[in-house]
Amino acid sequence: MIQQRWLRIIPVALIMYTISYVDRTNVSLALDPKISNMMRDLIMDDKMKGEAAGIFFFGYVLLQIPGGFLASRWSARKLISLCLIAWGVCAISCGLSQSFRQFEFMRFFLGVAESAVFPGTLVLLANWFSRSERARANSYWLLCQPLAVAGSAPLTGWLLGAYGWQTMLIMEGMLPFIWLPVWWLCIRDHPREAKWISPEERNFLEAELKKEAEELEPPQKISLFARLSHPSILVMIALYFLHNCAAYGCMTFFTNGLKGQGFSALQYGILFAVPYAVTAVVMILNSWHSDKTRERRGHVAAMYFMSGTSLILSVAMRDYFWVSYAFMCLAIPGPFAAMAPFWAISSETLPRSVMGVVMGLVNAFGNLGGFAGPYIVGWLVKEYQTTTIAFNTLGAGMLACVALAFLLPKTKIQTMSATSA
């Protein structure tokens, strides 16, 4: 059976979310005073820098739960099409800002515009890929995060040097409008709606996904409130909060460690991109092994352990630039590589009727860490004039995630294996 969906669904979703992630990474470079005038033009200090980068995530909370609900009950394809239009308008408006408050205001609404995309895409993939494929499907789609940095950072660095931060934000803000027709023409919500899929693949998928959905439905009806108040949901939120603190705290202030080395704007972009290229490789390997062994929690914990220890060692070796940089190349992949098995747990333990809402809830409150991380790091850098304390704090948070990972719910296959043993 030729499995065409891997080449029709994943690449289109990958590029779509890569574009949204560019809007988060380009600001990290634009806010570096060594390669951009943005902080001087908008009269910002390090604390305001962290606030400007993180305000996006307050807006990102608002439509997560409604987005997951609409994707499950209405259409992920139509929902994300509307989001593409909205975030394109907001991204261009960021480049037109003339003051810090204007920029902060538009970054907030950019977060609102993108907030339904993540749960919507998770629901879409759950409609197209079975349990045995889900970690790989999630990982291939989530490659957008490191690829957005690895691919766009050198270009963003060049645009900043050649044209300035406003032109860069406007040009990269036009990308959603370019990709919208491709998304609309190529994506369908379910296999039964796609004309390009073979009858064999369509029948197999519909039967397999229906069987998996029936297995997850409880014998007795459980209210949505009871599901959302379950302790495992709180564990997922706490873990994902710390996860995003580290991911975005490191991203926003990573270039601080490159200062004083005499690098050009393009070299800054390349050195910023390398850890995210490593991240793409680690993500694929971790998700492949997770699907092969059908184990999720251990693969999540291993990535957080690698990230936390490497981040702390990078700080300890800060007097040896290339050694410290090498440890950062191992620290940054951890949160991203943990995401595929982490989100696979949700889709493998929750009934389809509530999966989108729960994913939206976890992503909404967990992503507040995307504000807290840059804000706390910015405050600590302003107070102590170094990233040492801040990055050690983020590393400790990653090590706390190792323990939280083993409190996540077991998937059906893990439970059956434990029972057999």
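Given the structure is predicted, the values throughout are model-derived calculations rather than measurements. (Residues numbered from 1 in each chain as written. Predicted model: local features only at pLDDT ≥ 70, side-chain atom pairs only at ≥ 80, totals over all residues. Heavy atoms only, no water.)

> Could you give me a rundown of the pattern of salt bridges, with the residues and numbers involved?
Applying the stated criterion across every chain, the model contains four salt bridges. The partner of R5 in a salt bridge is E201, and the shortest N-O contact between them spans 2.6 Å. Of this pair, R5 sits in helix α1 (residues 5–8) while E201 is found in helix α13 (residues 199–216), placing the two residues 196 residues apart along the sequence. Classification of R5 by relative accessible area gives buried; the value is 0%. Of the charged contacts, one joins R296 and D291 as a salt bridge, the two residues approaching to 3.0 Å between their closest N and O atoms. When sorted by exposure, R296 lands in the same class as D291, which is buried. (Salt bridge = Lys/Arg side-chain N within 4 Å of Asp/Glu carboxyl O. Helix = DSSP H or I, 4+ residues; strand = E, 2+ residues; numbered from the N terminus. Buried < 20%, exposed > 50% of the residue type's maximum accessible area, 1.4 Å probe, protein only.)

> So what's going on with the nonpolar core? Residues and values would help.
Formed by 121 residues in total, the largest nonpolar core has its most connected members in F118, W183 and W343. The dominant element in this core, judged by the number of residues it contributes, is helix α2 (residues 10–30), at 12 residues. Setting aside residues no more than four positions away along its own chain, F118 makes contact with Y17, Y60, W141, L142, Y240, M339, W343 and N363. (Core = buried A, V, L, I, M, F, W, Y, C linked by side-chain atoms within 4.5 Å. Contact = heavy atoms within 4.5 Å.)

> Mind laying out the packing of α2 against helix α12 (residues 175–186), listing which residues take part and the relevant values?
Orientation of α2 relative to α12, taken along the N-to-C sense of each, is 155°, at an axis distance of 10 Å. By the criterion of interaxial angle, the relationship of α2 to α12 is roughly antiparallel. For the element pair α2 and α12, the recorded crossing hand is left-handed. Packed against α2, whose contacting residues are V12, A13, I15, M16 and I19, the element α12 presents L175, P176, W179, V182, W183 and C186 at the interface. Its residues placed into classes, the contact of α2 with α12 shows 11 nonpolar, no polar and no charged. (Axes fitted to C-alpha atoms, helices over the stretch in contact; angles between N-to-C directions. Parallel < 35°, antiparallel > 145°, perpendicular 65-115°, else oblique. Left-handed = near helix turned anticlockwise from the far one by under 90°. Nonpolar A, V, L, I, M, F, W, Y, C, P; charged D, E, K, R; others polar.)

> So what about a nonpolar patch on the surface? Which residues, and what values?
Taken together, the side chains of L155, W158, Y163, L266, I270, V274 and V278 present a nonpolar region at the surface, about 630 Å² in accessible area. Element by element, the count of residues in the nonpolar patch is highest for helix α16 (residues 265–293), at four residues. Relative to the helices and strands, W158 is located in helix α10 (residues 144–163). Residue classification places W158 among the partly exposed residues on the basis of a relative accessible area of 45%. (Patch = residues over 30% accessible without salt bridge, like charges linked within 9 Å, V, L, I, M, F, W, Y side chains within 5 Å. Areas by Shrake-Rupley, 256 points an atom, 1.4 Å probe, with all protein chains shown as cover.)

> Talk me through the environment of T167; I want residue IDs and the actual numbers.
In this fold, T167 is placed in helix α11 (residues 165–173). Judged by relative accessible area, which is 30%, T167 ranks as partly exposed. Separated by 75 residues in sequence, T167 and I92 have C-alpha atoms that sit 9.3 Å apart.

> Please provide a residue-by-residue account of helix α7 (residues 100–114), values included.
Taking 1.5 Å as the rise per residue, α7 with 15 residues should run 21 Å; its terminal C-alpha atoms sit 21 Å apart, in good agreement. For α7, the full list of buried residues reads F100, F103, E104, M106, R107, L110, G111, V112, A113 and E114. (Expected span 1.5 Å × (residues − 1).)

> Summarise the environment of L239; cite the residues concerned and give the values.
Structurally, L239 is set in helix α15 (residues 231–253). Taking the C-alpha atoms as reference, L239 lies 7.4 Å from A405; in sequence the two are 166 residues apart. With residues up to four places along the chain from it excluded, the contact list for L239 reads Y304, F342, C401, L404, A405 and L408.

> Kindly report on the packing of helix α4 (residues 46–54) against helix α21 (residues 369–384), identifying the contributing residues and their values.
Running from N to C, α4 and α21 cross one another at 175°; their axes reach a closest spacing of 7 Å. Of the possible angle classes, the one that applies to α4 and α21 is roughly antiparallel. Together, D46, K47, G50, E51, A53 and G54 of α4 and G370, F371, P374, Y375, G378, V381 and K382 of α21 make up the contact between the two elements. Here the residues of the contact of α4 with α21 are counted per class, giving five nonpolar, four polar and four charged.

> Describe the confidence of the model for the protein chain, naming the residues involved and giving the relevant values.
In this model, the protein chain carries a mean pLDDT of 80, and residues with pLDDT of at least 70 account for 87%. Model confidence for the protein chain, summarised as mean pLDDT per element, is weakest for helix α23 (residues 412–420) at 46 and strongest for α12 at 92. Overall, residues 413–421 carries pLDDT values under 50, and its contacts beyond four positions in sequence, including any with other chains, amount to eight contacts. (pLDDT = per-residue confidence, 0-100.)

> Which residues make up the packing of aromatic side chains, and what values do they have?
Under the counting rule described, the total for this entry stands at 12 aromatic pairs. Ring geometry for F342 versus W343: centroids 5.1 Å apart, planes at 80°, classification edge-to-face. Of the two residues examined, F342 and W343, each falls in the buried class. Three or more aromatic residues joined by ring pairs make a cluster, and in this case those are Y17, F118, Y240, F342 and W343. Against the face of W184 rests R77, its NZ or CZ located 3.6 Å from the ring centre. (Phe/Tyr/Trp six-rings, centres within 6.5 Å; stacked < 30°, edge-to-face > 60°. Lys NZ or Arg CZ within 6 Å of the ring centre and 35° of its normal.)

> Tell me about unusual backbone geometry, and please be specific about residues and values.
For R294, which is not a glycine, the phi torsion comes out positive at approximately 60°. Along the chain, R294 turns up in the loop between α16 and α17 (297–316). The class of R294 is partly exposed, set by a relative accessible area of 31%.

> Explain the side chain of S97 residue by residue, including any values.
With respect to the helices, strands and loops of the structure, S97 is situated in the loop between α6 (64–95) and α7. Among the polar contacts made by the side chain of S97, one reaches the main-chain carbonyl oxygen of S93 at a distance of 3.3 Å. A distance of 3.5 Å separates a polar atom in the side chain of S97 from the backbone nitrogen of F103. Look past the residues within four positions of S97 in its chain and what remains in contact with it is Q102, F103, M106, W165 and Q166. (Polar contact = N/O pair within 3.5 Å; in protein donor to acceptor, adjacent residues only side chain to side chain.)

> Which residues make up α17, and what values go with them?
One full turn of an α-helix is made of 3.6 residues, so residues set three or four places apart face in the same direction. With 20 residues, α17 ought to run about 28 Å at 1.5 Å a step, and its terminal C-alpha atoms sit 29 Å apart, in line with that. Considered for burial, the residues of α17 that qualify are R297, H299, V300, A301, M303, Y304, S307, G308, S310, L311, S314 and V315.

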